[in-house]
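# Working through the structure, step by step
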Amino acid sequence: FFFQAEDGIRDKLVTGVQTCGSSDLSHTIGRNTLVGNLLVDGTVYTMEISATDAAGNVATVSNTSITYDLTAPTTTATPSGGTYNSAQSVTLAANEAATIYYTTDGTTPTQSSTQYSTAISISSTTTLKFFAKDTAGNIESTKTQTYTIDTVAPTTTATPSGGTYNSAQSVT
């Protein structure tokens, strides 16, 4: 939402659409009219909004609540990257309402990449990259987790081969 203060200063409070074409808007938090951006990140504000157009017509006062949010979400992968001896089912979770985008081919994800909706099955060595975008439009930095899937058991040998010896042997 964009609000036009009576002094002509335009405040961008929450990304969205301009709510009032050519009308002047004043916005009040409590009983104080805002001039400039005095909002605190992460705070929920109840706003009383009224509008007066160029002809002097005054709109009915309405109330709305907004959350002023400048903080990017934080996303975690479970389990985290590492070496595993079986396929892994990886879940991604953000610490707030957000859309998570990811790739499994090592490329950097964009908002056109696959949107996360269910666990990601990883059955071979994979580089998973992901980020989240919250409802206010804040975007976190891309994160990377590498999963190495090694299902082959190691092979062991001993030298010298098994047998009976009449002296001490060094086995490698």
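This one's a predicted model, so the numbers in the text were calculated from it and none came from an experiment.

The rules behind these values
- Residues numbered from 1 in each chain as written.
- Predicted model: local features only at pLDDT ≥ 70, side-chain atom pairs only at ≥ 80, totals over all residues.
- Heavy atoms only, no water.
- Core = buried A, V, L, I, M, F, W, Y, C linked by side-chain atoms within 4.5 Å.
- Buried < 20%, exposed > 50% of the residue type's maximum accessible area, 1.4 Å probe, protein only.
- Helix = DSSP H or I, 4+ residues; strand = E, 2+ residues; numbered from the N terminus.
- Pairing = 2+ DSSP bridges.
- Axes fitted to C-alpha atoms, helices over the stretch in contact; angles between N-to-C directions.

As a rule of thumb, soluble globular proteins bury nonpolar side chains together. Grouped together as the largest cluster of nonpolar side chains are 13 residues, with contacts concentrated most on Val90, Leu92, Tyr102, Ile120, Leu128 and Phe130. When contributions to this core are tallied by element, the ones reaching two or more residues are strand E9 (88-94), strand E10 (98-103), strand E12 (120-122), strand E13 (126-134) and strand E14 (143-149).

Checked against the element boundaries, Asp105 lands in the loop between E10 and strand E11 (114-115). Judged by its relative accessible area of 56%, Asp105 falls in the exposed class. Here the alpha-carbon distance between Asp105 and Leu128, two residues 23 residues apart in the chain, equals 7.0 Å.

Moving on, we get to unusual backbone geometry. Residue Pro79 follows Thr78 across a cis peptide bond; omega there is -5°. Within the secondary structure, Pro79 is located in the loop between strand E7 (75-78) and strand E8 (82-84). Going from Thr159 to Pro160, the amide bond is cis rather than trans, its omega being 0°. Locating Pro160 in the fold gives a position in the segment after E14.

The sheet built from 3 strands is open, its strands ordered E7-E9-E12 with antiparallel pairing. Looking at the sheet topology across the chains shown, the edges are occupied by E7 and E12. Taken over all neighbouring pairs, the strand axes of this sheet differ in orientation by 25° on average, direction set aside. The sheet contact formed by E7 and E9 spans 4 bridges and is antiparallel. Looking at E9, one finds that Thr76 is bridged to Ala93.

Any functional reading would require information beyond the geometric quantities listed.
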